[in-house]
Amino acid sequence: MKLQRKNRLRATALGALAVSGALVLTACGSDNNTGSTGGSGETKAASNIKCGDAKGQLLAAGSTAQKNAMDLWVKNFQTACEGVEVNYQAIGSGGGITKFNQGQVAFAGSDSALKPEEVAASKKICKGGQGINLPMVGGPVAIGYNLDGVEDLVLDAPTLAKIFDSKIKKWNDPAIAKLNPDAKLPDVEIQAFHRSDESGTTQNLGKYLSTAAPKDWKYDPKSKSWLAKGGQAANGSSGVVSNVKQANGAIGYFELSYATANKLNTVKIDTGASAPVEATTENASKAIAAAKIEGKGKDLALKLDYATKVEGAYPIVLVTYEIACDKGNNAETLAALKAFLTYAASEDGQKVLADADYAPLPADIAAKVREIVPTLS
């Protein structure tokens, strides 16, 4: 099956994206799949890690989007820092934040920034402080589909909203046909899959639909839970992609490399620009490049433009954050926390992601993260 996306970014392209201010991620092939280990670069990266007083076990949980990034970072970090064990559970952003605010993990991974009520809850755990958002990677949320005979599919926000809200039920619906005049659309039922768990990926898709198709998507864009009618639920991005892959007529949403690894085609989005936009890391970078820091103090939460019509800008994007206390971290794990996050945000920590289809943080944001992590207390 012909794929509609680029599978890899060459090192030169990654460097160009970083300079242009792109926060680009294509994440894991599956929740239980590790990506490329980075080869010889991994050994070099591990040799430059500063362990400091890191020791013991560091527990973390959350976003499935960054699972492969965590696998790489953990492997390198544990190689360099003997006596330290980092255990990251990819259980979804909502689950990670819940565990963090219950004091069960040292940090959480989330594909969306903390909501005000989550910040308030974090103050009970972060004695004298609060949870803050530290961006590490970002990228496109792909709309993957499985439809026999259709390898090139275009949808716009209103049509996508109606599909996921069970208002468009057949693949040969006039709204889809209008966007795809040259496609042979079959008279097949649409099977729309969504996340059953709380997910930052779900939230980012909701933010896009509520911004770009407000008349057709009336649900709370801040919710990490799926609120639309109908559809079929699956746990984690791996559950969604597995179901889409198995069923003709299926459609779902997940990070781009889930589609890449499972050889699924992805939807091009009609944003109103001169041509529909593919879900690629390069195209997502054009949308994310304009992100602004809206967090205060040590918080680096970013504001994304989901309604962008910039030529070639893919609008359904996410940024993955590591969430930690600015003050009041557990004294027993603080040294390991700071050492690990320092490595993840470091030049070496970002470079090692290239072979796993990730891209590094832009220099300005990475620099801010590197300034903040050592101040955690």
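For the structure itself, look to the data block above.
Here's the deal with the pairing of strand E3 (residues 107-110)
1) Next: In E3, alternate side chains face the same way, and those of Phe107 and Gly109 on one face and Ala108 and Ser110 on the other are all buried.
2) Next: Of the strand pairs in this sheet, E3 and strand E13 (residues 317-325) are connected by 3 bridges, and their pairing is antiparallel. Note on E13: the bridge partner recorded for Gly109 is Glu322.

Here we look at the state of the cysteines
By definition, a disulfide links two cysteine residues through a covalent bond between their sulfur atoms.
1) Next: In this structure the tally under the stated criterion is 2 disulfides.
2) Next: Here Cys51 connects covalently by a disulfide to Cys81, the sulfurs 2.0 Å from one another. Since a negative S-S torsion denotes a left-handed disulfide, the Cys51-Cys81 link at about -90° is left-handed. With Cys51 in the loop between helix H2 (40-47) and strand E1 (56-62) and Cys81 in the loop between helix H3 (67-80) and strand E2 (84-90), this residue pair connects regions lying 30 residues apart in the sequence.

Quick look at empty space enclosed by the protein
1) Next: Applying the stated criterion across every chain yields a total of 2 cavities of 30 Å³ or more.
2) Next: The calculated volume of the largest cavity comes to roughly 80 Å³.
3) Next: If you trace the largest cavity, you find it lined by Thr202, Gln203, Gly206, Trp217, Tyr219, Asp220, Pro221, Ser223, Ser225, Trp226, Leu227 and Ala228.
4) Next: A class-by-class count of the residues in the lining of the largest cavity yields 6 nonpolar, 5 polar and 1 charged.

Some points on the pattern of salt bridges
1) Next: A complete count under the given rule lists 10 salt bridges for this structure.
2) Next: Here Asp152 and Lys268 are joined by a salt bridge, their closest N and O atoms 3.5 Å apart. Of this pair, Asp152 sits in the loop between strand E4 (131-146) and strand E5 (154-156) while Lys268 sits in strand E10 (residues 268-270), and the two are 116 residues apart along the sequence.
3) Next: Exposure remark for Asp152: the relative accessible area of 43% places this residue in the partly exposed category.
4) Next: In this structure, the salt-bridge partner of Asp216 is Lys162, at a minimum N-O distance of 4.0 Å. Of this pair, Asp216 sits in the loop between helix H8 (200-212) and strand E7 (232-234) while Lys162 sits in helix H6 (residues 157-164); the two residues are 54 residues apart in sequence, bridging distant segments of the chain.
5) Next: Through salt bridges that share partners, Asp152, Lys268 and Glu278 make up one connected network.

Notes on the packing of H6 against H8
1) Next: Running from N to C, H6 and H8 cross one another at 125°; their axes reach a closest spacing of 9 Å. Compared by their axis directions, H6 and H8 come out oblique. Our pair here, H6 against H8, has a crossing hand that is left-handed. The segment H6 lies against H8, with Ala157, Leu160, Ala161 and Phe164 engaging Leu205, Tyr208, Leu209 and Ala212.
2) Next: In terms of residue class, the contact of H6 with H8 is built from 8 nonpolar, no polar and no charged.

Definitions and cut-offs
- Residues numbered from 1 in each chain as written.
- Predicted model: local features only at pLDDT ≥ 70, side-chain atom pairs only at ≥ 80, totals over all residues.
- Heavy atoms only, no water.
- Buried < 20%, exposed > 50% of the residue type's maximum accessible area, 1.4 Å probe, protein only.
- Helix = DSSP H or I, 4+ residues; strand = E, 2+ residues; numbered from the N terminus.
- Pairing = 2+ DSSP bridges.
- Disulfide = S-S within 2.5 Å.
- 1 Å grid on protein atoms, 1.4 Å probe; cavity = no way out; pocket = protein on both sides within 12 Å on 5 of 7 lines; lining within 4 Å.
- Points joined across faces, edges and corners; volume = space filled by probe spheres on them.
- Nonpolar A, V, L, I, M, F, W, Y, C, P; charged D, E, K, R; others polar.
- Salt bridge = Lys/Arg side-chain N within 4 Å of Asp/Glu carboxyl O.
- Axes fitted to C-alpha atoms, helices over the stretch in contact; angles between N-to-C directions.
- Parallel < 35°, antiparallel > 145°, perpendicular 65-115°, else oblique.
- Left-handed = near helix turned anticlockwise from the far one by under 90°.
- Contact = heavy atoms within 4.5 Å.

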